[in-house]
Amino acid sequence: MKDSELNKHVFLAKLITQYARVHRKAAGPVAEEYIRQIGIRTGEWIEGYYKEYSSPWTIEQYVDILIDLKNKIGGQFEILSIDGDRIVMKAIQCPFGDDVTHAPHLCMMTSSVFGGIAARHFGYGKVSLRKQMALGHENCEIAIYLSPDDSEEGIEYKDLTISPAQADPFLWEEETITMLNEELKRTDELMIKLLDELEELRGKVKEDGKVKR
């Protein structure tokens, strides 16, 4: 067996994508929101590895960090263009490997890491996942806006809570838990409403059957 066939990165990527797939089946659409929140915190944690970049960051420094972090974790990303406050990136290899096609909502991790870092350092970030290998495209194409722009749709990141000094972003999670609880509560309420409507419809069908007889 060649070393490239099985290593720590391949194993972890497989593990994460399979877990995400199972979680999606269990949690439904809210699983994507979990990934988004984890990505925001992950981005804040990653920033700690780039302390040599003095604040405030320039756009070029921001771009260098995104490329560096993605390629270090197994991706192959490159810059297509930088036009004012808009950055367009391309990827020909996903950090999660080919298995990401089984859990395409993991692409939200890229969106929230990139957008979260932008929001913390520039006050705003919007990420458009134009192309996604997870959805069958030949490559990924990502547009990042560092100021509001209506030229295309995307997920906005702004007014993010920053962890207190010397704190661990992954432990600063009270607002995340509260938000997720609210999302799950809304999901439960929708399910209850749907069940009530189905029961009402069932009753009407029975009544119609009696009338016809």
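Structure shown above.
Figured I'd write up the structure that's included with this text. Quick caveat, the model's predicted, so the values are computed rather than measured.

### Quick notes on a nonpolar patch on the surface
Right, so step 1: A cluster of nonpolar side chains, contributed by Leu-194, Leu-195, Leu-198, Leu-201 and Val-205, occupies part of the molecular surface with about 470 Å² of accessible area.
Right, so step 2: Of note, Leu-198 is situated in helix α5 (residues 174-212).

### Notes on helix α2 (residues 30-47)
Right, so step 1: With 18 residues, α2 should reach 26 Å at 1.5 Å per residue; the first-to-last C-alpha distance of 26 Å fits that figure.
Right, so step 2: Of all the 18 residues making up α2, 14 are buried; the element is thus mostly covered by neighbouring parts of the structure.

### What about the sheet that holds strand β3 (residues 125-131)?
Right, so step 1: Ordered in space as β1-β2-β4-β3-β5, the five strands form an open sheet in which the pairing is antiparallel. A single partner strand is all that each edge strand has here, and the edge strands are β1 (76-83) and β5 (155-157). Averaged over all neighbouring strand pairs, the angle between strand axes comes to 20°, with direction disregarded.
Right, so step 2: Summarising the sheet, β3 and β5 pair through three bridges and their orientation is antiparallel. If you follow Lys-126 over to β5, its bridge partner there is Glu-156.

What counts, and at which threshold
- Residues numbered from 1 in each chain as written.
- Predicted model: local features only at pLDDT ≥ 70, side-chain atom pairs only at ≥ 80, totals over all residues.
- Heavy atoms only, no water.
- Patch = residues over 30% accessible without salt bridge, like charges linked within 9 Å, V, L, I, M, F, W, Y side chains within 5 Å.
- Areas by Shrake-Rupley, 256 points an atom, 1.4 Å probe, with all protein chains shown as cover.
- Salt bridge = Lys/Arg side-chain N within 4 Å of Asp/Glu carboxyl O.
- Helix = DSSP H or I, 4+ residues; strand = E, 2+ residues; numbered from the N terminus.
- Expected span 1.5 Å × (residues − 1).
- Buried < 20%, exposed > 50% of the residue type's maximum accessible area, 1.4 Å probe, protein only.
- Pairing = 2+ DSSP bridges.
- Axes fitted to C-alpha atoms, helices over the stretch in contact; angles between N-to-C directions.

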